[in-house]
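# Remarks on the overall topology
The residues making up each chain are set out below.
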Amino acid sequence: MNEIICPNCKKAFKVDEASFDAILKQVRDHQFEEEIQNRLKLADNEKESAIKLAEANVRNSLQDQLAKKDQEFAALKAQSELILSEKLNNKESEITKLIAKIDNIEVEKKLAVTEAVQKIEKERDNLANDLKTKELEKQNLESSLKQQFSTELQNKDAIIKYKDDEISRVKDMKLKLSTKMLGETLEQHCETEFNKLRATAFQNAYFEKDNDAKTGSKGDFIYRELDELGNEIISIMFEMKNEGDETATKKKNEDFLKELDKDRNEKKCEFAVLVSLLEAENEFYNTGIVDVSYRFNKMYVVRPQFFIAIITLLRNAAMTSMKYKAELALVKSQNIDITNFEEKMNSFKDGFARNYDLASRKFTEAINGIDKTIKELEKTKQALLSSENNLRLANEKTEDLTIKKLTYNNPTMKAKFEELK
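Rules of the game
Counting of residues starts from 1 at the beginning of each chain's written sequence and follows it residue by residue. Side-chain atom pairs in this predicted model are given and counted only at pLDDT of 80 or more, local residue features only at pLDDT of at least 70, and totals for whole chains, interfaces and linings cover all residues. Where side-chain values are given, they derive from all heavy atoms of the structure, hydrogens and water being excluded. A pairing counts as a salt bridge when a side-chain nitrogen of Lys or Arg comes within 4 Å of a carboxyl oxygen of Asp or Glu. Think of it this way: any DSSP run of H or I at least four residues long counts as a helix, any run of E at least two long counts as a strand, and we number them from the N terminus. Classification of residues uses two cut-offs on accessible area relative to the type maximum, computed with a 1.4 Å probe and protein chains only: under 20% is buried, over 50% is exposed, and between them is partly exposed. Any two strands with at least two DSSP bridges between them are considered paired. By definition, residues are in contact when any of their heavy atoms lie within 4.5 Å. Between the N-to-C directions of two axes lies an angle of 0 to 180 degrees, each axis being a line fitted to C-alpha atoms and, for a helix, fitted only over the stretch in contact. Ring pairs shown here join Phe, Tyr and Trp side chains whose ring centres sit within 6.5 Å, with only the six-membered ring taken for Trp; geometry is labelled stacked below 30 degrees between planes, edge-to-face above 60, and tilted in between. When the NZ atom of lysine or the CZ atom of arginine is within 6 Å of a ring's centre and also within 35 degrees of its normal, the charge is said to sit over that ring. The arc in question is traced by the directions running from the helix axis to the C-beta atoms. Two N or O atoms form a polar contact when they lie within 3.5 Å of each other; inside protein one atom must be a possible hydrogen donor and the other a possible acceptor, and for residues adjacent in sequence the pair counts only when both atoms belong to side chains.

## Looking at the pattern of salt bridges
Pairing of side chains with opposite charge becomes possible as their charged atoms draw close. Counted according to the given criterion, the structure contains 12 salt bridges. The partner of glutamate 94 in a salt bridge is lysine 91, with the nearest N and O atoms 3.5 Å apart. Of this pair, glutamate 94 and lysine 91 are both found in helix H1 (residues 17-154), three residues apart, which corresponds to roughly one turn of the helix. You can call glutamate 94 partly exposed: its relative accessible area is 37%. The partner of arginine 295 in a salt bridge is glutamate 254, and the shortest N-O contact between them spans 3.8 Å. In this pair, arginine 295 is assigned in the loop between strand S7 (290-291) and strand S8 (299-302) and glutamate 254 in the loop between strand S5 (232-241) and helix H4 (257-266), connecting sequence segments 41 residues apart. Relative accessible area serves as the criterion here: at 44%, arginine 295 is assigned to the partly exposed category.

The structure is reproduced here in structure tokens:
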């Protein structure tokens, strides 16, 4: 028998073994149930505390990570904005410099063109003044020549009288001399007349007998005159012809013109002059100096009294021609100078256009470089925007994070929760 004391009334009573076991079992079941309930409640509390703690830890960790990401993003964004600002400022500075450089080039171009135009205008004015001067000199020369010819015309009567006297003298001389002697005397007469004036009027002249007969023929005299520089002013081949009245066969002047022209060409003389007493009654040859250039180039027939006159006229004409040639050469050289100036001006324009084209291409290249840089900055901007978008997506994913998702396919976390249960 087992004795049991009532907890309420404190009385003792006895029960058999079977009843005692049943009561004991009942008490134990009840206590176990209470213990179980208490333990379950405790486990639930611990589980809830653990979950809250885990959630708090995860939340704090995620908040720390998000805060770090926000700081990194802010720093990256500030850095990129700073870099972008610096690059844009640099490019704006480069653009400003290039624009200033182009403006300077344009100003230099205008100045260069203005200077060139002024120089050309100055050259033009100088040439105009030179032309006026040359025109005045030409007018003065014409006046001088007119005065000279006027003086010579005034002496015409005296020359005619001298001619008549000379004709009379020569006719008288022809009656006294043989044909050969007459020819030799005419040569001597011309040589004597020339030598009278050689020292005063023909100091630089050569007048000698033509003794070179290697080509088969020769003239009588050759006259050549050179200037101080050794340039030939004039050259004349002379042939003297005469015959007496008693000669059986009468020769004509034109019979000797072809041979004279041949001698002139072989001895490289500019003019040819036949000094002749042939055809004494022919008034065509008695009028003075006869130009037969229609038969042979630069050829004249004169009577002996016009021997010095033909030399003087041809010589003066040659001197005038030399002067005009010198003036023409000067004008040509001036024209060449103008041409050279124009060529230099054109060369300068071409060089300036080439340099301006190079500068323009460099400016275009710089602008293209700036465009490329802007495109690169646009790419950087797009990358930053994409990074911001990715951070936004990460934040959204963080906010969507749950305990269930954290423990999905995670054996360690799953085991911990199972232990709590």
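## Comments concerning the sheet that holds strand S4 (residues 221-226)
Spatially, six strands are ordered S3-S4-S5-S6-S8-S7 in an open sheet, and the strand pairing comes out mixed. Since the sheet does not close on itself, it has two edges, and those belong to strand S3 (205-209) and S7, each with one partner. Here S4 pairs with S5 via six bridges, running antiparallel. Considered in S5, the bridge of glutamate 225 is made with isoleucine 234. Packed on one face of the sheet, H4 meets S5, strand S6 (271-276) and S8 and runs near 140 degrees to S6.

## Description of the packing of aromatic side chains
Under the definition given, this model contains 10 aromatic pairs. Put simply, the rings of Phe194, Phe202, Phe207, Phe221, Tyr223, Phe238 and Phe307 pair up and form one aromatic cluster. If you follow lysine 209 out to its NZ or CZ, it ends over the ring of phenylalanine 221, 5.3 Å from the centre. Its guanidinium or amino end placed over the ring of phenylalanine 271, lysine 298 lies 5.3 Å from that ring's centre, counting from NZ or CZ.

## Let's talk about H4
Regarding H4, the residues found buried are Leu257, Leu260, Asp261, Asp263 and Arg264. Looking down the long axis of H4, one finds its buried residues gathered within 160 degrees of arc, a one-sided arrangement. Count one or two residues on from H4 and you reach lysine 268, which has phi positive near 55 degrees.

## Description of the side chain of aspartate 227
Tracing the backbone shows aspartate 227 in the loop between S4 and S5. Looking at aspartate 227, its side chain comes within polar contact range of the main-chain nitrogen of leucine 229, at 3.0 Å. A distance of 3.0 Å separates a polar atom in the side chain of aspartate 227 from the backbone nitrogen of glycine 230. Setting aside residues no more than four positions away along its own chain, aspartate 227 makes contact with Ile233 and Met322.

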